Every structure is written in C-alpha cells, then in structure tokens.
Amino acid sequence: MRYPPGVVDSLSWLHPGYFRTTADGNPVPAYNPGMSTSFATTLGVLAGGRATRLGGLDKAWLQRDGQPQVLRLVRRLRDDVDAVIVSANHDLARYAAHGLVVVADRVCNIGPIAALDALACACTTPWLLSVPVDAICVNDGLLRSLQAAGANGAYAQDDDGSQPLLALWKVEALRAAVATAITDGNYAIHALQSRMGMGGVRFDGVRFGNLNMPDDLIAAGVEHWQYDTNK
C-alpha cells in the first residue's frame, strides 16, 4: 500500500531504526544484521481478528488511559525489539498514520495462523515475538523469559493457562511450518507449536488477560466504547 504524505516525517515517537523507507516512500521494517545479534527480534502485533464477542469492535483502537491499545503495546515493548509489524485486515491507513508498518492476511478466514503467516513473510529478523493486540498486561520480562527457553522458541503460560499467541518464534522454521499447516488445513496454533518443538514458559502470579468480553473492557478501564449487538 502507498502511505499518506508526511507519514515518514512524523515518526519521532518510534524507536530509531524501527523502519526504513523504500524508493517509493513506504516505510518497511528495518533490520541491520551488522548491528544486532542472532537474537534480533521483530514485535508482531496481531490485530486482524473479528472481535465477534464484542460486536466487531476494532480492539486495536480501544482507548486505555488515553492511548489506543495498539500504541500502548508497541510503546511498552519497543525498547526490547529491533522492528515492529502489525497484522491487520482493515483500516490500514490508520496504522500508517501512526507510523506503523502493517501487513494484511494473505489467506482469509483461517484464524490467527493467517496473521502468523503474514508476519513471518514480512519479518526480516531471525525471531518474531507475537503479541495479540488485546493483551491487557504484558510482563516486563516476557521476551527475556521466552528467549531463555531454548533454540526452538516458546510460548507463555500464565495463571489462566497457555497463551499460544504470546510467543517467540524462530522465523525460518515458522515460515515452513505455517505453509505446511495451511496446505494441510490444520490451523490450530497449539498444534503448530507442538510440531515446531516449542515449549511453554511459566509466568507464576501473572495474568496477561484479553479484551474478549464487555466485562473485560470495563475491568481494564477501556474508555468510550460501545458496540452494536445486532452485528
């Protein structure tokens, strides 16, 4: 997609090196292998879900403490990663207006594995940290703890159980595994992680949480929301 004029010049809030611009003026994830280690990591925010239990609300732009949810997550994690990509399927110009590189699903109607496919395809670092856009509390030690789990990557386990979309993926292996899973029609994330040899990392006393139901929005302090119950 072509980004609106002036976007590239208004990205001062992003960490330097998060993006570079192509010849036609589009920002893309920037990664310089000479400046980073083999654990260079891209943050991949999954924001392409339908939010059917919330009447189709776009969770990425729900406001908490005056900030859209997607920007809260990026700002929370930006100092830990080398690049940022958002997976989303509508209103893409809105992300671009905030200086975010965004990719859409390449395969439709197969759930979050489509987001992982799109993110893995666009990722230019060896590792991808996936985080759902509706995560309420992201632990400061999330990436470090997942990195320590081993060479195959890992996913988080909090006091509510496994959180397969809060995960660190080895990108080369993810690309191959996702392609096979989509071809086979096996879209379950836990099955994908099992085939990739990923293990769980326990975060005792932690609940990352999700914005899935109206009560979740109220508890998290989401501001000025409403939805159409007929959708």
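*Asks:* Help me out: how do you make sense of the pattern of salt bridges in this one?
*Replies:* For side chains of opposite charge, pairing can occur when their charged atoms come near one another. Overall, the coordinates contain five salt bridges when judged by the stated rule. The partner of arginine 106 in a salt bridge is aspartate 117, with the nearest N and O atoms 2.8 Å apart. On the criterion of sequence distance, the pair formed by arginine 106 in the loop between strand 7 (102-103) and helix 3 (112-122) and aspartate 117 in helix 3 is long-range, its members being eleven residues apart. Judged by relative accessible area, which is 8%, aspartate 117 ranks as buried.

*Asks:* Help me out: how do you make sense of the packing of aromatic side chains in this one?
*Replies:* To describe a pair of aromatic rings, you give the distance between the ring centres and the angle between the ring planes. Under the definition given, this model contains three aromatic pairs. On the basis of an interplanar angle of 75° and a centroid distance of 5.4 Å, the ring pair of phenylalanine 203 and phenylalanine 208 is categorised as edge-to-face. Judged by its relative accessible area of 5%, phenylalanine 203 is buried.

*Asks:* I tried to follow the nonpolar core on my own but got confused; where do I start?
*Replies:* Of all hydrophobic cores here, the largest spans 34 residues; its most connected members are Val70, Tyr95, Val131 and Leu142. The set of elements that each furnish at least two residues to this core consists of strand 3 (41-46), helix 1 (69-77), strand 6 (83-87), strand 8 (127-132), helix 4 (142-147), strand 9 (154-158) and strand 10 (161-170). Take this core: its biggest share by element is five residues, from helix 1. Residues within four places of valine 131 in sequence aside, it is in contact with Leu43, Gly44, Val45, Leu46, Leu73, Leu77, Val138, Leu142, Leu165 and Leu166. Ile110, Ile113, Ala118 and Cys123 belong to the second largest nonpolar core, which has 27 residues in total.

*Asks:* Would you mind showing me how to read the sheet that holds strand 7 here?
*Replies:* As a general point, the strands of a sheet are linked pairwise by backbone hydrogen bonds and lie either parallel or antiparallel. The strand order 7-6-3-8-10-9-11 describes an open sheet built from seven strands, whose pairing is mixed. With partners counted over all chains shown, the strands left at the sheet margins are strand 7 and strand 11 (199-202), one partner each. Alignment of strand 3 against strand 8, held across six bridges, turns out to be parallel. Across the sheet, the residue bridging to leucine 43 is leucine 129, located in strand 8. Across the sheet, helix 1 touches strand 3, strand 6 and strand 8, and the angle it forms with strand 3 is around 165°.

*Asks:* How do you make sense of the packing of helix 3 against helix 5 (residues 171-184) when you look at a structure like this?
*Replies:* The packing of two helices is summarised by the inter-axis angle and the distance between the axes. The interhelical angle for the contact between helix 3 and helix 5, taken along N-to-C directions, is 140°, at an axis separation of 9 Å. Considering their axes alone, helix 3 and helix 5 lie oblique with respect to each other. Classified by chirality, the crossing of helix 5 by helix 3 is left-handed. Residue-level inspection shows Ile113, Leu116, Asp117, Ala120 and Cys121 of helix 3 in contact with helix 5, the latter providing Val171, Leu174, Arg175, Val178, Ala181 and Ile182. Residue composition of the contact of helix 3 with helix 5, grouped by class: nine nonpolar, no polar and two charged.

About the thresholds
- Residues numbered from 1 in each chain as written.
- Predicted model: local features only at pLDDT ≥ 70, side-chain atom pairs only at ≥ 80, totals over all residues.
- Heavy atoms only, no water.
- Salt bridge = Lys/Arg side-chain N within 4 Å of Asp/Glu carboxyl O.
- Helix = DSSP H or I, 4+ residues; strand = E, 2+ residues; numbered from the N terminus.
- Buried < 20%, exposed > 50% of the residue type's maximum accessible area, 1.4 Å probe, protein only.
- Phe/Tyr/Trp six-rings, centres within 6.5 Å; stacked < 30°, edge-to-face > 60°.
- Core = buried A, V, L, I, M, F, W, Y, C linked by side-chain atoms within 4.5 Å.
- Contact = heavy atoms within 4.5 Å.
- Pairing = 2+ DSSP bridges.
- Axes fitted to C-alpha atoms, helices over the stretch in contact; angles between N-to-C directions.
- Parallel < 35°, antiparallel > 145°, perpendicular 65-115°, else oblique.
- Left-handed = near helix turned anticlockwise from the far one by under 90°.
- Nonpolar A, V, L, I, M, F, W, Y, C, P; charged D, E, K, R; others polar.

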